[in-house]
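# Structural overview
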Amino acid sequence: MLAAVTIGPDGHRFLPNAAAKAAGHRRLGRNYGEAVLVDPHLCGSGGFRYGHSAEVRGVIVGASSQSPDQDLFEAGQLARDFVNAIAAHHLSWEESRGPGDWFSDTDAPHPGHREMVDFFTADIPVHA
């Protein structure tokens with residue numbers, strides 16, 4: 001999933017830089033601000049490279065703000081807020097429906113949806 005958030009009336013100008021940092025993080029598997037210092041030959045060029053990205057429980061966020069340190073702070077905060085919001089929605093859904101697969105509001109998800117996620121739990125024993 002890809003989401004883009006801009007803050008303020010001029011926020012759209014920073015979006016390409018933030019997206020580049022998040023994409024670089026995903027490709028290299030580490031904070032992009034760290035990668036540009038350690039593996040600059042693997043990174044692109046331009047001002048976007050001198051900032052940070054963050055990963056919180058598998059969610060990668062790139063930010064572009066006034067300084068590299070602020071990029072790291074903002075990216076971490078945005079990732080944390082997003083992960084917490086998803087967890088709250090999941091908990092609410094589970095409390096209303098009981099434990100089970102989180103597909104949709106229908107009782108019988110499309111068979112194709114089940115096939116796409118079966119590998120997540122294929123080797124995990126189910127405890128009653």
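Residues numbered from 1 in each chain as written. Predicted model: local features only at pLDDT ≥ 70, side-chain atom pairs only at ≥ 80, totals over all residues. Heavy atoms only, no water.

The next subject is the overall build of the protein chain. What the protein chain contains, in helices and strands, is four helices and two strands. Going residue by residue from the N terminus, the α and β elements of the protein chain occur as α-α-β-β-α-α. Counting across all 128 residues of the protein chain, residues that qualify as buried make up 23%. Restricting the contact set of the protein chain to residue pairs at least 6 apart, pairs at least 24 apart contribute 27%. (Helix = DSSP H or I, 4+ residues; strand = E, 2+ residues; numbered from the N terminus. Buried < 20%, exposed > 50% of the residue type's maximum accessible area, 1.4 Å probe, protein only. Contact = heavy atoms within 4.5 Å.)

The next point concerns the nonpolar core. Counting five residues, the largest nonpolar core consists of Ala54, Val61, Ala63, Ala75 and Ala79. When near neighbours in sequence (up to four residues on either side) are disregarded, Val61 contacts Ala22, Ser53, Ala54, Ala75, Leu78 and Ala79. (Core = buried A, V, L, I, M, F, W, Y, C linked by side-chain atoms within 4.5 Å.)

Moving on, we get to the environment of Asn17. Within the secondary structure layout, Asn17 lies in helix H1 (residues 15-28). Assessed through its relative accessible area of 26%, Asn17 is described here as partly exposed. Considering only alpha carbons, one finds Asn17 and Ala63, 46 residues apart in sequence, at a separation of 7.4 Å.

Another point: the layout of surface pockets. One number sums up the size of the largest pocket: a volume of about 1,200 Å³. Along the wall of the largest pocket there are 31 residues; nearest its centre are Ala3, Ile60, Val61, Gly62 and Leu78. Counting residues per element, the ones that place at least two in the lining of the largest pocket are H1, strand S2 (59-62) and helix H3 (68-97). Grouping the constituent residues of the lining of the largest pocket by class yields 20 nonpolar, eight polar and three charged. (1 Å grid on protein atoms, 1.4 Å probe; cavity = no way out; pocket = protein on both sides within 12 Å on 5 of 7 lines; lining within 4 Å. Points joined across faces, edges and corners; volume = space filled by probe spheres on them. Nonpolar A, V, L, I, M, F, W, Y, C, P; charged D, E, K, R; others polar.)

On to the side chain of Ser64. In this structure, Ser64 sits in the loop between S2 and H3. Excluding residues within four positions of it along the chain, Ser64 makes contact with Phe14, Asn17, Ala18, Lys21 and Asp71.

All told, the structure shown has five salt bridges when counted by the stated rule. Across the pair Asp71 and Lys21 runs a salt bridge, and its minimum N-O distance is 2.7 Å. On the criterion of sequence distance, the pair formed by Asp71 in helix H3 and Lys21 in helix H1 is long-range, its members being 50 residues apart. Lys21 carries the same exposure label as Asp71, and that label is buried. (Salt bridge = Lys/Arg side-chain N within 4 Å of Asp/Glu carboxyl O.)

Another aspect to go through is unusual backbone geometry. Residues apart from glycine generally show negative phi values, whereas peptide bonds are mostly found in trans. The backbone phi angle of Arg57 is positive, close to 45 degrees, even though this residue is not glycine. With respect to the secondary-structure elements, Arg57 resides in the loop between strand S1 (53-56) and S2.

Once that is clear, we can look at the environment of Glu74. Among the structural elements, Glu74 can be located in helix H3. Not counting residues within four places of it along the chain, the set of residues in contact with Glu74 comprises Ala63 and Ser65.

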